[in-house]
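Okay, here's what each chain looks like letter by letter:
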Amino acid sequence: HAPSSGEIVAIEPRPVAHPSGLDAMAIVLRTDGAERWIERQPLADYRTQEREDVLARIRDAGIAGMGGAGFPAAVKLDPGPARRIRTLIINGAECEPYITSDDVLMRERAAEVVAGARIIAWLLEAEETLIAIEDNKPEAIAAMRAAAGPDLEVVPFPTKYPSGGEKQLIQIMTGREVPSGKLPADIGICCQNVGTAAATHRAIERGEPLISRITTVTGGAVAEPGNFEVLLCTPVGVLLEAAGLDAARATRLVMGGPMMGFALPHTALPVVKTTNCLLAPTATELPPPPPAQPCIRCGMCAQACPASLLPQQLYWYAQAGDHANLERQNLFDCIECGACAWICPSS
């Protein structure tokens, strides 16, 4: 979906916001400044529609997971006849430092999040809906409780990184564990981010595709940190300029948080659906990592791993290019939280 009106002038490889640093095919839009919208066709009462039609609207509106990997929402909301979803968890954890985009969304637009959660629960025919929020967000908890009715339960839980991970949150909320190689739907649970819920409400009840999101812009090199509602595809540099970036003080530019984010090579990259944070830290705030030393087999990384993996084994197999043993050590259960790297005394 075009975030603004104008003319498509090219479809070609362009730099994109991705850890690989590689180019990807992109649509290049020359905006005309008119900000013309499509004719919006909201559903007055989605409950009178077929579920397949409502699901198609969510897919066609481009709704994706707004908190993590950007997985298409319509795929998650259609688990298939073999999977019965009993519990819907709306994820408002936002456990990584610096990021407050979901927090401010819940505080200021709680009604939109609740409306979207009800649409998702109706689509899944879920028996219960839990809105999970860390206890360091008292204003968001109060706002969500005021907006939610008896059909939704707001559940505060202790703040601990990385509780916002899907499988970790499921274990906290339900006491159940998603088996290795399986999906939450296999045990009757579905997780959706609060931003995804709000976008679902806008798509169904307002007829608006997903063309903007709230992004936190922060860090010691930013004069006016804050949360901005920004059109998708806006150049990162424009957003940083609005927040008063002092480029001389910024040691690097990170999309995401300090634990799971990745460094951007320049500021001409676009804001995407998963851009929850732009972090411009100073050298004091986020110093470069010291040179890596040999592993001392202390096991601290295994103790810190929320997925119960053996990071030191994964490291050795990765160094050796032993992909078969990486898979046997359940590499695909890694959520890339960075806890092992943070705790490692050998860097």
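Before any of the text, the structure's been laid out above.
### Here's the deal with the state of the cysteines
A complete count under the given rule lists zero disulfides for this structure. Cysteine 95 takes part in no disulfide bond, and the closest cysteine sulfur, belonging to cysteine 337, lies 8.9 Å away. On the accessibility criterion, cysteine 95 (17% relative accessible area) is buried. With no disulfide of its own, cysteine 295 lies closest to cysteine 301 among cysteine sulfurs, the gap being 6.6 Å. The partly exposed category is assigned to cysteine 295, whose relative accessible area is 38%.

### A closer look at the sheet that holds strand β4 (residues 128-134)
Read from one edge to the other, the open sheet built from four strands follows the order β5-β4-β3-β6, with strand pairing classed as parallel. Strands at the two margins of the open sheet, each flanked by one partner only, are β5 (152-157) and β6 (189-193). Sheet twist, expressed as the average angle between the axes of neighbouring strands with direction ignored, equals 25 degrees. Alignment of strand β3 (residues 87-92) against β4, held across six bridges, turns out to be parallel.

### Remarks on the pairing of strand β7 (residues 212-218)
Among the seven residues of β7, seven are classified as buried, and the element is accordingly described as predominantly covered. Pairing analysis gives six bridges linking β7 to strand β8 (residues 226-231), with the strands arranged antiparallel. The residue of β8 that forms the bridge with arginine 213 is valine 230. Across three bridges, the pairing between β7 and strand β11 (residues 277-279) is parallel. From the neighbouring strand, valine 217 faces β11, where its bridge partner is leucine 278.

### A few points about helix α6 (residues 166-174)
Along α6, the residues classified as buried are Gln168, Leu169, Ile170 and Met173. Just downstream of α6 lies glycine 175, where phi reads positive at about 80 degrees.

### What to know about the pattern of salt bridges
The final tally for this structure, using the stated rule, is 18 salt bridges. Of the charged contacts in the structure, one is a salt bridge between glutamate 134 and lysine 137, with a shortest N-O distance of 3.4 Å. By relative accessible area, glutamate 134 is classed as buried at 0%. Each of Arg40, Arg109, Glu112, Arg202, Arg206, Glu208 and Glu229 takes part in a single network of salt bridges with overlapping partners.

### Quick look at the packing of aromatic side chains
The full count for this structure, using the stated rule, is one aromatic pair. Taken together, a centroid distance of 5.3 Å and an interplanar angle of 70 degrees make the contact between tyrosine 46 and tryptophan 122 edge-to-face. Placement of the pair is tyrosine 46 in the loop between β2 (23-31) and α1 (51-60) and tryptophan 122 in helix α4 (residues 110-124), with a sequence separation of 76 residues. By relative accessible area, tryptophan 122 is classed as buried at 14%. One residue, arginine 51, lies across the ring of tryptophan 122, its end atom 4.4 Å from the ring centre.

Basis of the calculations
- Residues numbered from 1 in each chain as written.
- Predicted model: local features only at pLDDT ≥ 70, side-chain atom pairs only at ≥ 80, totals over all residues.
- Heavy atoms only, no water.
- Disulfide = S-S within 2.5 Å.
- Buried < 20%, exposed > 50% of the residue type's maximum accessible area, 1.4 Å probe, protein only.
- Pairing = 2+ DSSP bridges.
- Helix = DSSP H or I, 4+ residues; strand = E, 2+ residues; numbered from the N terminus.
- Axes fitted to C-alpha atoms, helices over the stretch in contact; angles between N-to-C directions.
- Salt bridge = Lys/Arg side-chain N within 4 Å of Asp/Glu carboxyl O.
- Phe/Tyr/Trp six-rings, centres within 6.5 Å; stacked < 30°, edge-to-face > 60°.
- Lys NZ or Arg CZ within 6 Å of the ring centre and 35° of its normal.

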